[in-house]
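Residue strings, one per chain:
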Amino acid sequence: MTSNSRKNPLQPPQLAGLEKCPSGISGLDQITGGGLPRGRTTLVCGGSGSGKTLLGMEFLVKGATKFGEAGVFMCFEENAEELAQNVASLGFDVNGLITSKQLVIDYVRIERSEIEETGEYDLEGLFIRLGLAIDSIGAKRVVLDTIETLFAALANAGILRAELRRLFRWLKDKGVTAIVTGERGEGTFTRHGLEEYVSDCVLLLDQRVVENIATRRLRIVKYRGSAHGTNEYPFLLDEQGFTVVPLTAIGLQYAVSTDFISTGVAKLDAMLGGHGYYRGGSLLLSGTAGSGKTSLAAHFLDAACRRGERCLFFAFEESPDQIMRNMRSIGLDLRQWLDKGLLRFHASRPSTFGLEMHLTAIHRATEQFQAQVVVFDPISSFESAGSFPEARAMLMRLVDFLKSRQITSLFTSLTSGGNPSEQSEVGISSLIDTWLLLRNLEQSGERTRLLYILKACGMAHSNQVREFILTDHGVDLLEVYVGPGGILTGSAKAEQDRLDSAANLIRRRDAERKRLVIEHKQKALEAKIAELKAEFELERREMEETIAETESSAQSLIAGRIEAGQRREGTTAAPDKIRKGGRK
């Protein structure tokens, strides 16, 4: 199935009715159903440092560079030079856009001491200034940052509401799509608590700290005339700008593949029906420390890179160099794939970010690298970045995202010795297509590694428990000894094999002795038969001679009687007549 024929669940739905203005911000257009309301005003509110200004600036930059819509940024707290420096770290060439007449930044200095509140207070001066900026470049997008500074001197709620309505009406009459930023108040979305009521769309940005880990989230509080996502969505601010992860909106409508890919271990492929894993499926390797999870995952990556597929390795406990060094001890050279650009590592401690930030980073890295195979080692570490329900919810969204893109994912999970073996530490076993359980068996004073397939949905698979060893040429699966006393592995299996070999030798020798006895008896029998045949032949000849003599004597006796009779009849002179005529 080609990518063109497969529907992308992250594409914004085509909604009839309200016209949308695409923001160009990754993920935001998906959760808003196509973008912000065109020709209307959107309020972006949040606390200090939540990302309001950066969202507004990216809205204008993406509008100019991707959609050919010029924009005006009117700021009341930072001048144009300061603003350009602040967003340069995101890769935005603000000065270049200003030079090409695609962007205007207008700094309006407002001093509260210079403003006198009267019944005739209005914003005519602001409208004139903003109107000139819009007309100078034919702007279609406008950002006002922040509205609290503009109305800081107004204490009369009636005047404030009237002027807010007039401002928003003026922006709508100009036909521009506007973003107005506002500081969050106590118990309200803004300090005045009025802006959210006159806005057509309200976006709330939040930055919270839980157990010393900060997480940024976005929520659509209000969107007149349009359906929209209602959950909290994690977002990321980094050198690539503003990224929203709309994974909570993913459903279960995604395509699946019937193709197979190798595990990297031929004998393990044989256990999985001779094929391996389903392409685009989710795989889980669980086991205690030292059971061989990372080694099997490395075999899987190595096989994928040999097929020319792009692979991502998210490591949460070891550095890339440490992983590559350790894998060289079993004959796997992962660095060659790193150098060829087929393999990329992302190493970070789970406690570095919140769960949602990890989710956002994984989403972005997977999209940018266009990975076909992704390995996470181990996912059980995410428990340190949040509670069990939070970790499970995050991983569930991650699995759904990867399956929707038909990206084959392999997760390793560290289990503790006291927990039931057929239970993953983070509770995602029900989401997994193929689950391999690795165990360390302690027997006869040694530890032996065992492997068996707990489940493999949609394919025939072995039900055997197999011993495997880590050699200098990789993972090798061995046959286990199953006898009356149970499963024997390691030295116990080797000793039992020695005993079995000795017993087989005794049995072979006994069989050989019996074979010689049979041959001896057969030869004696054959000699006896030959002797009996000789005796029989001698007796036969004697009897035939006796029979011949007896028959000869009988014939002579008959001839004598005939001759005697003829003499009595006087016919001895004519023997020829007697012969011719016969006896009368």
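Everything numeric here is computed off the predicted structure, so don't read it as measured data.

Reading the values: rules and limits
Residues numbered from 1 in each chain as written. Predicted model: local features only at pLDDT ≥ 70, side-chain atom pairs only at ≥ 80, totals over all residues. Heavy atoms only, no water. Helix = DSSP H or I, 4+ residues; strand = E, 2+ residues; numbered from the N terminus. Buried < 20%, exposed > 50% of the residue type's maximum accessible area, 1.4 Å probe, protein only. Contact = heavy atoms within 4.5 Å. Areas by Shrake-Rupley, 256 points an atom, 1.4 Å probe, with all protein chains shown as cover. Patch = residues over 30% accessible without salt bridge, like charges linked within 9 Å, V, L, I, M, F, W, Y side chains within 5 Å. Salt bridge = Lys/Arg side-chain N within 4 Å of Asp/Glu carboxyl O. Lys, Arg positive; Asp, Glu negative; His and termini not counted. Charge placed at Lys NZ, Arg CZ, Asp CG, Glu CD. Phe/Tyr/Trp six-rings, centres within 6.5 Å; stacked < 30°, edge-to-face > 60°. Lys NZ or Arg CZ within 6 Å of the ring centre and 35° of its normal. Arc of directions from axis to C-beta. Pairing = 2+ DSSP bridges. Expected span 1.5 Å × (residues − 1). Core = buried A, V, L, I, M, F, W, Y, C linked by side-chain atoms within 4.5 Å. Polar contact = N/O pair within 3.5 Å; in protein donor to acceptor, adjacent residues only side chain to side chain. pLDDT = per-residue confidence, 0-100.

### Some thoughts on the overall build of the protein
Phase 1 of the analysis: Each helix and strand in the protein was counted, giving 16 helices and 24 strands.
Phase 2 of the analysis: The buried share among the 584 residues of the protein stands at 46%.
Phase 3 of the analysis: Taking all contacts inside the protein whose residues are at least 6 apart in sequence as the whole, residues at least 24 apart take part in 70%.
Phase 4 of the analysis: Accessible area of the protein: about 29,400 Å², with a carbon and sulfur share of 50%.

### Some thoughts on a negative patch on the surface
Phase 1 of the analysis: On the surface, Glu 531, Glu 535, Glu 539, Glu 542, Glu 545 and Glu 549 cluster together into a patch of negative charge.
Phase 2 of the analysis: By secondary structure assignment, the location of Glu 549 is in helix α15 (residues 490-569).
Phase 3 of the analysis: In this structure Glu 549 comes out as exposed when scored by relative accessible area, which is 54%.

### A few points about the pattern of salt bridges
Phase 1 of the analysis: Per the counting criterion, the structure on display carries 26 salt bridges.
Phase 2 of the analysis: Residue Lys 52 pairs with Glu 183 through a salt bridge whose shortest N-O separation is 3.7 Å. Of this pair, Lys 52 sits in helix α2 (residues 52-66) while Glu 183 sits in strand β7 (residues 177-183), and the two are 131 residues apart along the sequence.
Phase 3 of the analysis: For the salt bridge of Lys 514 with Asp 510, the shortest nitrogen-to-oxygen distance reads 3.3 Å. One end of the pair, Lys 514, and the other, Asp 510, are both in helix α15, four residues apart, so they sit about a helical turn from each other.
Phase 4 of the analysis: For Lys 514, a relative accessible area of 46% corresponds to the partly exposed category.
Phase 5 of the analysis: What makes Asp 510 partly exposed here is its relative accessible area of 30%.
Phase 6 of the analysis: One salt-bridge network, in which partners are shared between bridges, spans Glu 19, Arg 38, Glu 69 and Arg 141.

### Some points on the packing of aromatic side chains
Phase 1 of the analysis: Applying the stated criterion across every chain yields a total of eight aromatic pairs.
Phase 2 of the analysis: A centroid spacing of 5.0 Å and a plane angle of 5° characterise the contact between Phe 127 and Trp 170, whose relative ring orientation is stacked. Residue Phe 127 is located in helix α5 (residues 124-137), and its partner Trp 170 is located in helix α7 (residues 157-173); the two are separated by 43 residues in the primary sequence.
Phase 3 of the analysis: Residue classification places Phe 127 among the buried positions, given a relative accessible area of 5%.
Phase 4 of the analysis: Trp 170 gets classed as buried once you look at its relative accessible area, which sits at 18%.
Phase 5 of the analysis: Relative to Phe 376, the ring of Phe 314 lies with its centre 5.1 Å away and its plane at 5°, an arrangement referred to as stacked. Highlighted residues: Phe 314 in strand β15 (residues 311-315) and Phe 376 in strand β17 (residues 373-377), separated in sequence by 62 residues.
Phase 6 of the analysis: Taking the ring centre of Phe 59 as reference, the NZ or CZ of Arg 141 above it sits at 4.5 Å.

### Regarding helix α11 (residues 320-328)
Phase 1 of the analysis: Buried within α11 are the following residues: Ile 323, Met 324 and Met 327. Taken down its axis, α11 places every buried residue within 95° of arc, on the same side.
Phase 2 of the analysis: Next to the buried residues of α11 lie α10 (293-306), β15, α12 (335-339) and β16 (343-347).

### Observations concerning the environment of Val 104
Phase 1 of the analysis: Locating Val 104 in the fold gives a position in strand β5 (residues 103-107).
Phase 2 of the analysis: When the C-alpha atoms of Val 104 and Ile 137 are compared, they prove to be 7.9 Å apart, with 33 residues separating the residues in sequence.
Phase 3 of the analysis: Apart from the residues lying within four places of it in its own chain, the contact partners of Val 104 are Gly 71, Val 72, Phe 73, Ala 133, Ser 136 and Ile 137.

### A closer look at the pairing of strand β21 (residues 466-471)
Phase 1 of the analysis: Note that strand β20 (residues 446-456) and β21 share two bridges and pair antiparallel. Among the inter-strand pairings, Leu 451 is bridged to a residue of β21, identified as Arg 466.
Phase 2 of the analysis: Judged from the five bridges that link them, β21 and strand β22 (residues 474-478) form a sheet pairing that is antiparallel. Opposite Leu 470, over in β22, you have Val 475 as the bridge partner.
Phase 3 of the analysis: Here β21 folds back onto β22 in antiparallel fashion, the turn holding two residues.

### Some points on α2
Phase 1 of the analysis: Compared with an ideal rise of 1.5 Å per residue, which puts 15 residues at 21 Å, α2 spans 21 Å between its outermost C-alpha atoms and is within 8% of the ideal.
Phase 2 of the analysis: Those residues of α2 lying buried are Lys 52, Leu 55, Gly 56, Met 57, Glu 58, Phe 59, Leu 60, Val 61, Lys 62, Gly 63 and Ala 64.
Phase 3 of the analysis: Phi for Gly 68, located one or two positions after α2, is positive at around 70°.

### Examining the nonpolar core
Phase 1 of the analysis: Among the nonpolar cores identified, the biggest contains 40 residues, and Leu 268, Tyr 277, Leu 334 and Leu 343 are the most heavily contacted of them.
Phase 2 of the analysis: Per element, the largest residue contribution to this core is seven residues, and it comes from α10.
Phase 3 of the analysis: Setting aside residues no more than four positions away along its own chain, Tyr 277 makes contact with Asp 259, Phe 260, Ile 261, Thr 263, Leu 268, Leu 272, Leu 283, Leu 285, Phe 300, Thr 434, Leu 436 and Met 459.

### Overview of unusual backbone geometry
Phase 1 of the analysis: In the segment running from Asp 145 into Thr 146, the intervening peptide bond is cis, with an omega of -10°.
Phase 2 of the analysis: Following Asp 377, the chain continues into Pro 378 via a peptide bond in cis, with omega recorded as -15°.
Phase 3 of the analysis: Tracing the sequence through the fold places Pro 378 in the loop between β17 and α14 (388-404).
Phase 4 of the analysis: One non-glycine residue with positive phi stands out, namely Gln 370, at about 55°.

### A closer look at the side chain of Thr 412
Phase 1 of the analysis: In this fold, Thr 412 is placed in strand β18 (residues 408-414).
Phase 2 of the analysis: Within the structure, Thr 412 has its side chain in polar contact with the side chain of Asp 377 (distance 2.5 Å).
Phase 3 of the analysis: Excluding residues that lie within four positions of it along the chain, Thr 412 makes contacts with Leu 285, Lys 293, Ala 297, Phe 376, Asp 377, Pro 378, Ile 379 and Ser 380.

### Quick notes on the confidence of the model for the protein
Phase 1 of the analysis: Mean pLDDT over the protein stands at 82; residues scoring 70 or higher make up 83%.
Phase 2 of the analysis: Considering only residues more than four positions removed or in separate chains, one finds that residues 1-15, a stretch of pLDDT under 50, has 25 contacts.
Phase 3 of the analysis: Across residues 577-584 the pLDDT falls below 50, and counting only partners more than four positions away or on other chains, this stretch makes three contacts in the model.

### Comments concerning the side chain of Arg 141
Phase 1 of the analysis: Structurally, Arg 141 is set in strand β6 (residues 141-145).
Phase 2 of the analysis: Polar contacts involving the side chain of Arg 141 include one to the side chain of Glu 69, which spans 2.7 Å.
Phase 3 of the analysis: Every residue in contact with Arg 141, bar those within four places of it in the chain, is listed here: Cys 21, Pro 22, Ser 23, Phe 59, Leu 60, Gly 63, Phe 67, Glu 69, Ala 70, Gly 71, Val 72 and Thr 177.

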